[in-house]
Structure formats: structure tokens, C-alpha cells
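Structure assessment
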Amino acid sequence: MTQQERTPPPAHPLEMIPLFRRWPASMPRNLLYTLIWSSLMGVVLTAGVRLLTNDSVAFSARLWSMLLMSNLIGIMVHGGSLVASRLLNGWPRRARGLPRLLFSMGLMAASVLAGVGLGNMLLAGVSPFQLLSNRAVVLQCLVIAAFVALLMYMVRNATERRVARATEEARQREFLASSARMLAEARLKALQAQIEPHFLYNTLANVVSLIGPQPAQAQHMLERFIDYLRASLAASRSEEATLASEAKLIAAYLDVLAVRMGERLRYRIEVPDELSQFRIAPMLLQPVVENAIAHGLEPKVEGGEIVLSARVEGEQVALCISDTGVGLNEHAPRKPGGGVGLSNLRERLRSLYGSGAKVELLENQPCGMTVRLMLPLNVSPTSIPSVP
């Protein structure tokens, strides 16, 4: 790490104005700010002399001399502060209270005297060393130095408080966002813990019932159930999954159910090759498919079809789980809990993508529902600085 990296450019008085905080601190920026600040001081001093004294010098000549003097003082103060900060390895920054203020006042006094002396030499041809014998000029320089030192002391403290406050707010946002993500994942795992034993017991019971009359079906169901368990175990241990791996898990899950439901369950998975490696959160789509089975197809006597599709829409990927189940039919029998699953899904997407993702619930014609997830195309869920 270099000395410049250890000691970044100091705060500038112009940063008191929010407009000038838009650009990060740097040596060129601070030098430009010093010229702007010094020129403004020259204009103010010129106006003050004209209003408060009987100044006989032409306004343009007085303005020129004030601008030259104020910019020389500003450059000396700027250079002196920068050199001292580097030589002392940032000691004025780490010091607090009176020591830092006294150091700043001494530095400003020397810088102001140097600037005034150089200005008098250029404007009037007076040697800078003659200023030391003029008590009035020396006193004026000390007053200016005290004002500048106090101003910079206040600006530095205000900047440090602002940075500390912004850092603390960012830390709090990160903590809240991390907590929201952990809560969503915990709820998902709790939901899986409730669903998986039920699915496990039903599947094993179906396998046992098929061993005698339909051994081939029992073998197929058991093989696909093993595929499902293998895929779900891999997903539970990973922070990310691909759309291809999620589709593979869903296909295994639906194959197991298809043995039990027979012709009442048909499905299609339409994932284009260019989206097969699109990264999503693991187990993101399966709860939606389970919801479509439980609340769409199972209540319907003749069953129906489920379609999982993916396509690019602008800067987003649209993932659709459509079914031809009962839809929003008020008279159809319905299992409790459908709204809870979608609520959990929305909360999980919010914790993973912030405002970059959304869930849409659409009614199909002539029957059934579509759940559409809109995810950002070029953003991985684990790379998002999560938002509460």
C-alpha cells in the first residue's frame, strides 16, 4: 500500500455544498475546488472593500489584485496542507480536538503569510520578509489563518461524521438484507421439511403397492424417485442452480407423480439451450410446480397438463409454470395454503434480487393458471447486494 493510499485527499470546504460531493476526492478535483473557492473569496473581499471603505482604486484593478492575492493564499494553503499531510503520514487526520486545531492554525498561518508575501511582491514589488516587521499585516494574516483553520477543522469533522453515518447506515442495510435472506431461506427449508416427508411416504407407499401387480412401474417410480432425491440433495447444498438442473429435478418429481396420477398428469418442459446455464436460486421453481399440482390438477377429476417454459424478454428472463387445472373456479375443491406458497416465493425473490424480480399470477383460458417469474438476465442471485 502506498502512502497516497494510506492518506487520501483531505476534505474540501466546498463539500459543505451537496452539489460538490458528486465527484470523489482527488488531487486534481481538490485543486480545482481550491481555485473556485479562492476566486469566490476574492470576489467577496472586493465587494466588502467597496461597500465598507472609501476605496479610490478602480473596481477592475481591485478585483484583479484580490483575485491574485486570494488564489495565491489558497494555493499556498492547499499545497501546505497536502505536503504536511504526506510528510506526517496523516497525523493531522488521526489527531483529535485541540492538537489538530493548533497544528492546522500553525500551518495556515505559515501558508497565509507566504501567500500574502508573494502577492505583495508581485503587485507592489515589496520583499516578503518586510511583512514580518509590519505588525498590522501579520495580525491580519493570523486572523485569516485562524478563520481558515477553524473552517477546515469543522469541514473535516463534518465529513468524518457524514462518512461514519453513511458507513453505519450501509452496515445496517447489509445486516437487514442478510437477515431477510436468511429468514426467507429458513422458511423455504421449513416448507421443504414439511413437504418432503409427505412426498416420501406417499411415494414409498405407491412403490410397495405396485411391486406385485406392476413391477415395471414400481421400478420406474423408484428410479425416478432416486433421481429426484439426488437432485434435491445437490440443490440443498448449493447457493445457486442452473435452469437445466432445476428442470431435471422437476422432471424427476413429475415422473414420480405421473406414476401415481396416471393419465391425469401430463407435462412439458421447454427450456431453450441458450438458457440452460442461466443461474437461479436452487429449489426456486419446484414449490410453484407443487402448488400447481396440489391446487390446480389434483382437485380436477380429469387432471390436466403442466408446462414449464423459459424465454428472454428484453433484459429479463420469463419463467412460466402453466397448468390447465381448476384455476380460480370458486366451486372447485381446493386445498388450503395456496396463497402462502406464492407469498413465500415473492418474499424469497425480494431477498435475492431486490426490486429486480417479480411474480405475476395470470389466469389461463379456458382454464388453469400461470405463474410467471421475471428475473434479471445478467445478474446472479448470489451477486446481488440484497435489499430489505
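All of the points below concern the structure found in this document. In this text the structure is predicted, and so the values were computed from the model without any measurement.

A count of helical and extended segments in the chain gives ten helices and seven strands. Across the 388 residues that make up the chain, the buried fraction comes to 42%. Put simply, of all contacts in the chain between residues at least 6 apart along the chain, 71% involve residues at least 24 apart. Carbon and sulfur atoms provide 63% of the accessible area of the chain, an area that totals close to 21700 Å².

The next point concerns the pattern of salt bridges. Summed over the entire model, instances satisfying the criterion amount to twelve salt bridges. Arg171 is the salt-bridge partner of Glu168, the closest N and O atoms lying 2.7 Å from each other. Placement of the pair is Glu168 and Arg171 together in helix H6 (residues 135-211), with a separation of three residues, close to one helical turn. Taking relative accessible area as the criterion, Glu168 reaches 34% and is therefore assigned partly exposed. Arg171 gets classed as partly exposed once you look at its relative accessible area, which sits at 46%. Of the charged contacts, one joins Glu313 and Arg311 as a salt bridge, the two residues approaching to 2.9 Å between their closest N and O atoms. Exposure remark for Glu313: the relative accessible area of 29% places this residue in the partly exposed category. By relative accessible area, which is 40% here, Arg311 ends up partly exposed. Overlapping salt bridges bring together Arg311, Glu313, Lys358, Glu360 and Arg372 as one network.

For the structure shown, the criterion picks out two aromatic pairs. Look at Phe225 and Tyr228: their rings are 6.4 Å apart centre to centre, the planes differ by 20°, and that puts the pair in the stacked class. Remark: Tyr228 and Phe225 occur in helix H7 (residues 215-236); sequence separation between them is three residues, near one turn of the helix. Exposure remark for Tyr228: the relative accessible area of 3% places this residue in the buried category. Their ring planes at 45° and their centres at 5.8 Å tell us that Tyr228 and Tyr253 sit as a pair that is tilted.

Next up on the list: the pairing of strand S4 (residues 304-313). Inspection of the sheet shows strand S2 (residues 265-270) paired to S4 by six bridges, in the parallel sense. Within the sheet, the bridge partner assigned to Arg268 lies in S4 and is Val307. Relative to strand S5 (residues 316-323), S4 runs antiparallel, the two sharing eight bridges. Its bridge partner being in S5, Arg311 is matched across the sheet by Ala318. The turn joining S4 and S5, which pair antiparallel and follow one another in sequence, is formed by two residues; a positive phi near 65° is taken by Gly314.

What counts and how
- Residues numbered from 1 in each chain as written.
- Predicted model: local features only at pLDDT ≥ 70, side-chain atom pairs only at ≥ 80, totals over all residues.
- Heavy atoms only, no water.
- Helix = DSSP H or I, 4+ residues; strand = E, 2+ residues; numbered from the N terminus.
- Buried < 20%, exposed > 50% of the residue type's maximum accessible area, 1.4 Å probe, protein only.
- Contact = heavy atoms within 4.5 Å.
- Areas by Shrake-Rupley, 256 points an atom, 1.4 Å probe, with all protein chains shown as cover.
- Salt bridge = Lys/Arg side-chain N within 4 Å of Asp/Glu carboxyl O.
- Phe/Tyr/Trp six-rings, centres within 6.5 Å; stacked < 30°, edge-to-face > 60°.
- Pairing = 2+ DSSP bridges.

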